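Each chain, written out:
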Amino acid sequence: MSQTEHETEQEDIAALTFEEGTILHTVNVEKFTKEAKESFTIESSSTDERFRIKRDVMLELAQQWEKNKEVFSLLLSNGYESSGSMPAGAGKAVKMMQEAEHYHATFYTGELGKAFDPKKINSKCLIALNRSHLEAIFVFLINDHMTKFLKAEEKKLLRTTLVLK
């Protein structure tokens, strides 16, 4: 990429308006099974856009961030056709770019009822997220995952090294 192409791309990004967004953490517990489901909701109050991201997917996003903090992207959910009482869903993806105080997140929504195709985008939503807040969430998710993994390995070692007399 030549210097002028790179400068033009930077000017195009600077011309976009990213709305200020917030990140909410939610934990829901099923009444009968006692199963906890965690999710993160990224929303922009000025555009009323909301993107719910499951904890496992947010962990994958954190792992992408760990590999390359400048620019990273992830497929959040794939589109699906309607079945029975469940309506069709659109695929969603996000691309994040690091700035001085924010991450510029571009959320892409694909066609309704079809698998996500980057060539067939129906809408884009531009949200600026507080950099220190998002990075703190990412660090927590990565460290929590590592702690759970090490704890499971420790239990596995205890079970396999049992000596009976």
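What counts and what doesn't
- Residues numbered from 1 in each chain as written.
- Predicted model: local features only at pLDDT ≥ 70, side-chain atom pairs only at ≥ 80, totals over all residues.
- Heavy atoms only, no water.
- Helix = DSSP H or I, 4+ residues; strand = E, 2+ residues; numbered from the N terminus.
- Rg over C-alpha atoms; globule rule 2.2 N^0.38 Å.
- Contact = heavy atoms within 4.5 Å.
- Areas by Shrake-Rupley, 256 points an atom, 1.4 Å probe, with all protein chains shown as cover.
- Lys, Arg positive; Asp, Glu negative; His and termini not counted.
- Charge placed at Lys NZ, Arg CZ, Asp CG, Glu CD.
- Buried < 20%, exposed > 50% of the residue type's maximum accessible area, 1.4 Å probe, protein only.
- Core = buried A, V, L, I, M, F, W, Y, C linked by side-chain atoms within 4.5 Å.
- Salt bridge = Lys/Arg side-chain N within 4 Å of Asp/Glu carboxyl O.
- Phe/Tyr/Trp six-rings, centres within 6.5 Å; stacked < 30°, edge-to-face > 60°.
- Lys NZ or Arg CZ within 6 Å of the ring centre and 35° of its normal.

Trainee: Sorry, what's going on with the overall build of the protein here?
Mentor: Assigned secondary structure in the protein consists of three helices and eight strands. For the protein, the succession of helices and strands along the chain, N to C, is α-β-β-β-β-α-β-β-β-β-α. Compactness check: the protein gives a C-alpha radius of gyration of 20 Å against a globular reference of 15 Å for 165 residues, more than 25% above the reference. Considering only contacts in the protein between residues 6 or more positions apart, those separated by 24 or more positions represent 45%. Working note: accessible area of the protein is about 11500 Å², and carbon and sulfur atoms make up 52% of it. Averaging the locations of the 22 positively and 26 negatively charged side chains of the protein gives two centres separated by 13 Å.

Trainee: Which parts of the structure should I look at to understand the side chain of Thr106?
Mentor: Summarising the element assignment, Thr106 is placed in strand β7 (residues 102-112). Owing to a relative accessible area of 9%, Thr106 belongs among the buried residues under this scheme. In this structure, Thr106 is in contact with Phe18, Ala93, Val94, Lys95, Lys124, Cys125 and Leu126, ignoring residues within four places of it in sequence.

Trainee: For this particular structure, what's the right way to read the nonpolar core?
Mentor: The nonpolar side chains of a soluble globular protein tend to be buried, and buried together. Counting residues in each nonpolar core, the largest one holds 27 residues, and the members touching the most others are Met58, Leu61, Met96, Phe107, Leu129, Leu134 and Phe138. Contributions of two or more residues to this core are made by β3 (36-44), β4 (49-54), α2 (55-67), β5 (71-77), β6 (90-98), β7, β8 (121-130) and α3 (131-160). What Met96 contacts, discounting residues up to four positions off in sequence, is Leu61, Glu70, Val71, Phe72, Tyr103, His104, Ala105, Leu129 and Leu134.

Trainee: What am I meant to see in the pattern of salt bridges here?
Mentor: Any two side chains of opposite charge can pair, on the condition that their charged atoms come close. Counting across every chain of the model gives six salt bridges. Where Arg55 meets Glu38, a salt bridge forms, and the shortest distance between an N and an O atom there is 2.8 Å. Within this pair, whereas Arg55 is found in helix α2, its partner Glu38 is found in strand β3, the two being separated by 17 residues in sequence. Residue class for Glu38 comes out partly exposed when judged on its relative accessible area of 25%. For Arg55, the salt bridge identified is with Asp144, shortest N-O distance 2.6 Å. Pair noted here: Arg55 is in helix α2 and Asp144 is in helix α3, with a separation of 89 residues, a long-range link. In this pair, the class of Arg55 matches that of Asp144, namely buried. Through salt bridges with shared partners, a single ionic network connects Glu38, Arg55, Asp144 and Lys148.

Trainee: Sorry if this is basic, but what is going on with the packing of aromatic side chains here?
Mentor: Aromatic ring pairs are reported here in terms of the distance separating the ring centres and the angle at which the planes meet. All chains considered together, the criterion is met by four aromatic pairs. Here Phe51 and Phe107 contribute two aromatic rings whose centre-to-centre distance is 4.2 Å and whose plane-to-plane angle is 10 degrees, an arrangement assigned as stacked. Placement of Phe51 in strand β4 and of Phe107 in strand β7 is noted, with a sequence separation of 56 residues between them. Residue classification places Phe51 among the buried residues on the basis of a relative accessible area of 4%. Ring plane angle 70 degrees and centroid distance 6.1 Å describe the contact between Phe72 and Phe138, whose orientation is recorded as edge-to-face. Linking Phe72 in strand β5 with Phe138 in helix α3, this pair joins segments that are 66 residues apart in sequence. Like Phe138, Phe72 is buried. The structure contains a cluster of three or more aromatic residues connected by ring pairs, namely Trp65, Phe72, Tyr103 and Phe138. Lys69 extends its terminal NZ or CZ atom over the ring of Trp65, reaching a point 4.0 Å from the ring centre.

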